[in-house]
Amino acid sequence: MNYLELSPNTTHEPCKHIKIIEQPRQRGFRFRYGCEGPTHGGVQGASSEKNKKTFPAVEICNYTGPARVVVQCVTVDDPPLLHVHSLVGKQCENGMCVVGVSGPDMTVSFPNLGILHVPRRSVVDILEERLVQGWRREHCKELQHRDPTDRERDRLHRAAQQCARALDLTVVRLMFTVYLPDNNGNFVQALQPAVSSPIYDSKAPNASSLKIVRMDRTSGSAAGGEEVFLLCDKVQKDDIQVRFYQENDDGTCWEAFGKFGPTDVHRQYAIVFKTPRYFDPYITQPTSVFVHLRRRSDGETSEAKPFIYFPQKTGKERSHRKRKNPDTAEHDRSRVSNGHLQGYYCSIPDFTYTPAVTGD
DNA sequence: CGGGAATGTAT
DNA sequence: CATACATTCCC
């Protein structure tokens, strides 16, 4: 094998290029409609934290001096296409953000990139306008006709409709292009652009961040089958699951899913499900696991909440309880697990139900 | 800024 | 009518 062919260019001057040193955050940012005004802040960086905010940033490598960086919204398609959404905020104009640098620091941070959400109804018009512009550029030298004929116009219109169908309004990427000055000082020399990872609109139903707000119980029997009311941020009833899991020391992981159907998801904000059985229903000690929400389609998860599995009721306890009034069974059970009343059952083994004693 | 809520539209 | 998504409004 010829190793030289695998590592070309090593003796040449390092190539000038633009590198993304801080990716945009992929989730949690909301695209804004024009009617909402431009003052809602920009996309943060992937490693941003509440007290240490970061923003998308690039570095121009192997070059020091004047340059201009242009940022635009593009699609997630393989050759990226210009998106109908545009950038708004400081230094943004015509839907793009333009920043000049002069060195010696050749890094640029973009703290104010807002993403303008174009209404669906405007998409075709925008795309068609772009196609017409492109058509004009192609035909600008032919003096015969400066405008497309009706038939050509119709063709462009259909093409625009076609593109509109394929265009996902819920996700964009940032494309950074650096322009270096030519001999006359005009910034016309573009280097190969860098394209960021995707940014998903937090308002999109299928991309909103998942969150468990509260549960009516955070523990249950190892036998499972117990009903839990869980309140959550907006979910889609056919694309959501409640996942119980436990990561073991050896790297293996137990998982099981809360049982519910689409109609158990109430108005997108609550889920009523039955707990799954723990893999070992015969545990003798309380066992901690986690619960979180998971979206089937993209595997996204919420933060986890702790959940404790308790040992199943023994056969003895079950038959014992069987003789008791079912209405008071739950009360009795909570007393058992309640510190100072721990010995309640044990000290009165042959206790039988009497309203005068157990009534609260 | 960053959110929730209200309103409009499509199934 | 009910539900969910899209858009707008507003604290």
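See the structure printed just above.
Attention in this report is confined to the structure presented alongside it. Just so it is clear, the model here is predicted, and its values are computed rather than measured. (Residues numbered from 1 in each chain as written. Chains lettered and ligands numbered in written order. Predicted model: local features only at pLDDT ≥ 70, side-chain atom pairs only at ≥ 80, totals over all residues. Heavy atoms only, no water.)

1. A closer look at the environment of valine 132
Right, so step 1: Its location among the elements puts valine 132 in helix α2 (residues 123-139).
Right, so step 2: Remark: the alpha-carbon pair of valine 132 and leucine 113, spanning 19 residues in sequence, is separated by 28 Å.
Right, so step 3: Valine 132 has contacts with Arg153 and Leu156, leaving out every residue within four places of it along the chain. (Helix = DSSP H or I, 4+ residues; strand = E, 2+ residues; numbered from the N terminus. Contact = heavy atoms within 4.5 Å.)

2. Brief notes about the pattern of salt bridges
Right, so step 1: The final tally for this structure, using the stated rule, is 9 salt bridges.
Right, so step 2: Of the charged contacts in the structure, one is a salt bridge between glutamate 300 and arginine 27, with a shortest N-O distance of 3.3 Å. A residue pair is termed long-range when its members are at least 10 positions apart, and glutamate 300 in the loop between β21 (287-295) and β22 (305-310) and arginine 27 in the loop between β1 (17-22) and β2 (32-33) qualify at 273 residues.
Right, so step 3: Accessibility expressed as a relative area gives 27% for glutamate 300, which makes it partly exposed.
Right, so step 4: A residue is classified by how much of its surface remains accessible, and arginine 27, at 19% relative accessible area, is buried.
Right, so step 5: As a salt-bridge pair, glutamate 255 and arginine 243 come within 2.5 Å of each other at their nearest N and O atoms. With glutamate 255 in strand β18 (residues 253-257) and arginine 243 in strand β17 (residues 240-247), the pair connects residues that are 12 residues apart, well separated along the chain.
Right, so step 6: Overall, the relative accessible area of 36% leaves glutamate 255 in the partly exposed class.
Right, so step 7: Members of the salt-bridge network, linked through shared partners, are Arg27, Arg295, Asp298 and Glu300. (Salt bridge = Lys/Arg side-chain N within 4 Å of Asp/Glu carboxyl O. Buried < 20%, exposed > 50% of the residue type's maximum accessible area, 1.4 Å probe, protein only.)

3. What to know about the protein's contact with DNA strand C
Right, so step 1: The local shell around DNA strand C holds 14 residues, among which Tyr33, Glu36, Arg120, Gln236 and Gln268 are the closest.
Right, so step 2: Each atom of DNA strand C within 4 Å of the protein was assigned to sugar, phosphate or base; sugar and phosphate come to 81%.
Right, so step 3: One of the side-chain nitrogen or oxygen atoms of tyrosine 33 is found 2.5 Å away from a phosphate oxygen of DNA strand C.
Right, so step 4: One of the side-chain N or O atoms of glutamine 268 is found 2.8 Å from a phosphate oxygen in DNA strand C.
Right, so step 5: The residue inventory of the surface near DNA strand C, partitioned by class, reads 4 nonpolar, 3 polar and 7 charged. (Near = heavy atom within 4 Å. Polar contact = N/O pair within 3.5 Å; in protein donor to acceptor, adjacent residues only side chain to side chain. Nonpolar A, V, L, I, M, F, W, Y, C, P; charged D, E, K, R; others polar.)

4. A few points about the sheet that holds strand β16 (residues 227-232)
Backbone-to-backbone hydrogen bonds join strands into a sheet, with any given pair of strands oriented parallel or antiparallel.
Right, so step 1: Strand order in the open sheet formed by 4 strands is β14-β16-β20-β19, with antiparallel pairing between adjacent strands. Both outer strands of the open sheet, β14 (212-215) and β19 (265-266), are each paired with one neighbouring strand and no more.
Right, so step 2: One ladder, built from 2 bridges, connects β19 with strand β20 (residues 270-274); its direction is antiparallel. The partner of valine 265 across the bridge, within β20, is isoleucine 271. (Pairing = 2+ DSSP bridges.)

5. Some points on the packing of aromatic side chains
Given two aromatic rings, one states the distance between the centres and the angle between the planes to describe the pair.
Right, so step 1: Taken as a whole, this structure holds 11 aromatic pairs when the rule is applied.
Right, so step 2: Where tryptophan 254 meets phenylalanine 279, the ring centres are 6.3 Å apart and the plane angle is 45°; that geometry is what we call tilted. One end of the pair, tryptophan 254, is in strand β18; the other, phenylalanine 279, is in the loop between β20 and β21, with 25 residues separating them in the sequence.
Right, so step 3: Among the residues examined, tryptophan 254 registers a relative accessible area of 11% and is labelled buried.
Right, so step 4: Owing to a relative accessible area of 48%, phenylalanine 279 belongs among the partly exposed residues under this scheme.
Right, so step 5: Centre to centre, the rings of tryptophan 254 and tyrosine 309 are 6.1 Å apart; their planes meet at 70°, and the pair counts as edge-to-face. (Phe/Tyr/Trp six-rings, centres within 6.5 Å; stacked < 30°, edge-to-face > 60°.)

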